[in-house]
Amino acid sequence: MDPRIPRLRRKLAAIPFQPLRSHSFGEEQHKFRLGPKLAEARVAAFEAEHDIALPDAYRQFLTHIGGSGAAPFYGLMPLERCSLLVMNPREEPGTPRGFDDAEPGGQGRDLFLHVIEMGCTDVCVIAVTGPLTGRVLIGNSDGFWGPNVSSATDFLDWYERWLNHMSAGRDNRALELTSPQLRAHPDRHRMAPKI
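Calculation criteria
- For every chain, the first residue of the written sequence is number 1, and numbering continues from 1 along that sequence.
- Under the rules for a predicted model, residues below a pLDDT of 70 receive no local features and side-chain atom pairs below 80 are neither given nor counted, while totals for whole chains, interfaces and linings still include all residues.
- For side-chain calculations, the full set of non-hydrogen atoms in the structure is used, while hydrogens and water are omitted.
- Secondary structure follows DSSP: runs of H or I at least 4 residues long count as helices, runs of E at least 2 residues long count as strands, and numbering of each begins at the N terminus.
- The globule rule used here is 2.2 Å times the number of residues to the 0.38 power, and the radius of gyration it is set against is calculated over C-alpha atoms.
- Exposed residues in this analysis have more than 50% of their type's maximum accessible area, buried residues have under 20%, and partly exposed residues fall in between, with area computed by a 1.4 Å probe over protein chains only.
- Any two residues having at least one pair of non-hydrogen atoms within 4.5 Å are treated as being in contact.
- Method for areas: the Shrake-Rupley scheme with a 1.4 Å probe, in which residue coverage is limited to the protein chains shown.
- Between Lys or Arg on one side and Asp or Glu on the other, a salt bridge is scored when a side-chain nitrogen of the former is within 4 Å of a carboxyl oxygen of the latter.
- Per-residue confidence from the predictor is given as pLDDT, running between 0 and 100.
- This arc is built from the directions going out from the helix axis to the C-beta atoms.
- Stacked, tilted and edge-to-face are the three classes assigned to paired rings of Phe, Tyr and Trp, where Trp is represented by its six-membered ring and a pair needs centres within 6.5 Å; plane angles under 30 degrees give stacked, over 60 edge-to-face, the rest tilted.

Things to note about the overall build of the chain
Part 1 of the argument: In terms of helices and strands, the chain carries seven helices and eight strands.
Part 2 of the argument: In terms of overall dimensions, the chain is globule-like: its C-alpha atoms have a radius of gyration of 17 Å, near the 16 Å expected for 195 residues.
Part 3 of the argument: For the C-alpha atoms alone, the extent of the chain along its principal axes is close to 50 × 45 × 25 Å.
Part 4 of the argument: Split into buried and exposed, the 195 residues of the chain put 47% on the buried side.
Part 5 of the argument: Nonlocal contacts in the chain, meaning residues at least 24 apart in sequence, comprise 55% of its contacts between residues at least 6 apart.
Part 6 of the argument: Surface accessibility of the chain: about 10,300 Å² in total, with carbon and sulfur atoms responsible for 52%.

Written out as structure tokens, the structure is:
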């Protein structure tokens, strides 16, 4: 088991009781609760069904912390609701790229697993193949914005960054966190720093 796992459990358990923490968009949905941990056999069956290997940090989260629930935005989706995506080819330099459903057996393109519910056509994915394997990206499936690759090295680092920023009462547009000060301000939406 990854040594970060116990630390993440403690931090997540403390977050709802911290009076000066940031508000996390979508927290009303998951209420900082996690679904049951997944058995190794269930994860292995998902990998075999989709002919992929889940990045280790994400796999560790599922099997040692929880299989759904508390996470940025509306929360971590149950594994059976996660879908494989491919990034659209770049049409013109500098234009955002969207995501499409991966076709079964479609080889040659990097695969991304849609793991966190953001709402509308926004997606939070983990790269499962290619040079970004293990990294978290957020974007819009229609290509209206992003994708933005997190600087966190893997899913556990990304998740801990969410917890740390929330605990510190920080604003973070990329993780949809709003500080207590900004939440109290009448023009809060115009004041938040852009990504």
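Examining the pattern of salt bridges
Part 1 of the argument: If you walk through the whole model with that rule in mind, you get 10 salt bridges.
Part 2 of the argument: In this structure, Arg4 engages Asp154 in a salt bridge whose closest nitrogen and oxygen atoms are separated by 2.9 Å. One end of the pair, Arg4, is in helix 1 (residues 4-14); the other, Asp154, is in the loop between strand 7 (148-149) and helix 5 (155-167), with 150 residues separating them in the sequence.
Part 3 of the argument: Between Glu27 and Arg21 there is a salt bridge, with its nearest N and O atoms 2.9 Å apart.
Part 4 of the argument: Take Arg21: its relative accessible area is 16%, and that puts it in the buried class.
Part 5 of the argument: Here the residues in one salt-bridge network are Asp2, Arg4, Asp154 and Asp157, joined through shared partners.

Structural notes on the side chain of Glu47
Part 1 of the argument: Residue position: Glu47 is located in helix 3 (residues 40-50).
Part 2 of the argument: Discounting chain neighbours no more than four positions away, the residues touching Glu47 are Ile52, Ala53, Leu54 and Arg59.

Let's talk about the confidence of the model for the chain
Part 1 of the argument: With 93% of its residues at a pLDDT of 70 or more, the chain has an overall mean of 90.
Part 2 of the argument: Confidence, expressed as mean pLDDT per element, reaches its minimum in the chain at helix 7 (residues 188-191) with 52 and its maximum at helix 4 (residues 56-64) with 98.

Focus on helix 3
Part 1 of the argument: When helix 3 is considered as a whole, its buried residues turn out to be Val43, Phe46 and Glu47. All buried residues of helix 3 fall inside an arc of 100° around its axis, so they share one side. Those residues of helix 3 that are exposed and aimed more than 90 degrees away from the buried face are Ala41, Ala48 and Glu49.
Part 2 of the argument: On the buried face of helix 3, the contacting elements are helix 4 and strand 4 (111-117).

Thoughts on unusual backbone geometry
Part 1 of the argument: Phi at Phe32 takes a positive value of approximately 60°, unusual for a residue other than glycine.
Part 2 of the argument: Mapped onto the elements of the fold, Phe32 is located in the loop between helix 2 (27-30) and helix 3.
Part 3 of the argument: Look at Cys120: it is not a glycine, yet its phi comes out positive at around 50°.
Part 4 of the argument: Its location among the elements puts Cys120 in the loop between strand 4 and strand 5 (122-127).
Part 5 of the argument: For Cys120, a relative accessible area of 83% translates into the label exposed.

What about the packing of aromatic side chains?
Part 1 of the argument: For the structure on display, the rule yields nine aromatic pairs.
Part 2 of the argument: Summarising the aromatic geometry, the rings of Tyr58 and Phe155 are spaced 5.4 Å apart at their centres and angled 80° between planes, so their arrangement reads as edge-to-face. Placement of Tyr58 in helix 4 and of Phe155 in helix 5 is noted, with a sequence separation of 97 residues between them.
Part 3 of the argument: Exposure remark for Phe155: the relative accessible area of 1% places this residue in the buried category.
Part 4 of the argument: Seen in terms of ring centroids, Phe155 and Tyr159 are 6.1 Å apart; in terms of plane orientation they differ by 35°. Their pairing is tilted. Taken together, the residues Phe155 and Tyr159, both in helix 5 and four residues apart, mark about one turn of the helix.
Part 5 of the argument: Three or more aromatic residues joined by ring pairs form one cluster here, namely Phe32, Tyr58, Phe61, Phe155, Trp158, Tyr159 and Trp162.

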